[in-house]
Each structure stands twice: as C-alpha cells, then as structure tokens.
Amino acid sequence: FGSLLLEDYKLKIEYLTAHFDRMWKRFQIFVGIQSALFAFYFQFLFTADGKRLQPNAWLFAVLGFSSALMVAFFGAQDRYLVQRYRDAVKEAGVKLWHIHATGGGPTERYSSVGEVEPSGEGRTSKGNGHEEQRTWWERQRVRSPVEFHSTFASPTMLPAIFGYATVVLWLLTLVFFASID
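Computed from a prediction, not measured in an experiment: that's the story for all the values here.

Peer 1: What am I meant to see in the nonpolar core here?
Peer 2: Soluble globular proteins tend to pack their nonpolar side chains together in the buried interior. In this structure, F30, Y41, L45, A68, W170 and F177 are the most contacted members of the largest nonpolar core, which totals 14 residues. Elements with a minimum of two residues in this core: α1 (2-43), α2 (58-102) and α3 (158-180). Among the elements that make up this core, the one with the highest residue count is α1 (five residues). Y9, Y85, A92 and L96 belong to the second largest nonpolar core, which has nine residues in total.

So, in structure tokens, the structure goes:
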C-alpha cells in the first residue's frame with residue numbers, strides 16, 4: 001500500500017509541476033499579445049498629421065480588453081487549481097508520512113511540498129499554552145527587500161492580477177474614445 005501512495009504522491013507532484021509550466025506559458029503568451037496590441041493601438045491612434053484620432057484604433061482597445069478579460073478569468077482559475085493541486089499533494093504526503101511514522105520512523109510534523117506557512121497559520125504561541133492571533137504584517141515573513149513571502153500577492157496570482165489590471169487599462173482607453181466624440 002505504501003508503494004501505491006508513493007506513486008500517487010509522485011504523480012500529483014508531476015501534475016502540479018506541469019500545471020505551473022502551462023500556467024506560465026499562457027502568461028507569457030498574454031504578455032506578448034498585450035504588448036503587440038498596445039504597440040498597434042498607439043501606432044494607429046493618431047493620423048499622420050498627429051492631430052486627430054484614427055477611426056479604427058478603438059478596435060485594438062476592444063481586442064485588448066477582450067483578451068485581458070480572458071486572461072484574468074484563466075489566471076484566477078489557474079490560481080484556484082494550483083491551490084487544489086497543492087492540497088492534493090499535501091494530503092498524499094501526509095498519508096505517506098503516516099505510514100512511515102507508524103512503521104517506526106520519525107513522528108515530527110509533516111511539511112508538504114511548497115508549504116510556506118505551518119499548520120495553524122496566523123497563530124503563535126505565547127509560551128504559556130495559549131495562542132494569540134498574528135497580524136497580517138507578521139504573516140508576511142519579510143526578511144529583506146529581496147527575500148520575503150507575501151500572503152497578499154504570490155507569483156501564482158500574477159496572471160490574474162495583471163489580467164485584471166490590463167482590463168482596467170483597456171477600459172480606460174475605451175472610455176477615452178467614448179469621451180472624444
């Protein structure tokens with residue numbers, strides 16, 4: 001049974017790793033498409049004399065808005081899936097660790113692949129057996145400006161965050177076009 005759990009654990013880690021690869025490839029494509037659309041938008045924004053707007057420049061804004069909306073949707077969905085896959089890896093690891101621990105091995109707390117916060121996140125012991133709530137800032141784990149972990153925004157949130165930010169940017173350009181007439 002232990003070898004079956006070990007194989008399950010390995011497969012779940014491979015799946016999570018493959019999902020990260022797919023996620024970042026999609027994000028790279030998004031950055032490329034958005035960069036091209038912004039370049040075309042500003043290239044075709046004004047007429048040759050630079051005094052009035054091109055009549056079809058808004059099409060690039062609509063394309064940019066639509067593709068950014070899709071990326072925000074997929075980015076948020078990717079973030080959700082990453083969390084679920086991490087949970088599955090942790091569950092498989094805990095089962096494997098339990099088999100190992102009951103077979104005479106060490107019984108320390110199990111730490112899953114990619115785990116940053118220990119169980120009981122947000123709580124710390126006062127030393128007298130009582131726990132107190134940790135503040136948001138204390139949970140950020142800032143060691144230096146170049147080494148920290150933030151619960152506010154992680155790299156797996158970036159596609160969704162950039163997608164939503166780009167949606168707002170394109171929306172502003174569409175509002176700009178609507179206000180000119």
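Peer 1: Got a minute to help me understand the side chain of Q34 in this structure?
Peer 2: Note that Q34 resides in helix α1. Residue class for Q34 comes out buried when judged on its relative accessible area of 4%. In terms of polar contacts, Q34 uses its side chain to reach the backbone carbonyl oxygen of G64, at 3.4 Å. Not counting residues within four places of it along the chain, the set of residues in contact with Q34 comprises G64, S67, A68, T166 and W170.

Peer 1: I'm lost on α1 in this one. Help?
Peer 2: Given 3.6 residues to a turn, an α-helix orients residues that are three or four positions apart in the same direction. Here α1 contains 42 residues, and its C-alpha end-to-end distance of 61 Å stays within 8% of the 62 Å for a straight helix at 1.5 Å per residue. Residues L5, Y9, L16, H19, M23, F27, F30, Q34, L37, F38 and Y41 constitute the buried set of α1. Considering only its buried residues, α1 is in contact with α2 and α3.

Cut-off values and rules
Residues numbered from 1 in each chain as written. Predicted model: local features only at pLDDT ≥ 70, side-chain atom pairs only at ≥ 80, totals over all residues. Heavy atoms only, no water. Core = buried A, V, L, I, M, F, W, Y, C linked by side-chain atoms within 4.5 Å. Buried < 20%, exposed > 50% of the residue type's maximum accessible area, 1.4 Å probe, protein only. Helix = DSSP H or I, 4+ residues; strand = E, 2+ residues; numbered from the N terminus. Polar contact = N/O pair within 3.5 Å; in protein donor to acceptor, adjacent residues only side chain to side chain. Contact = heavy atoms within 4.5 Å. Expected span 1.5 Å × (residues − 1).

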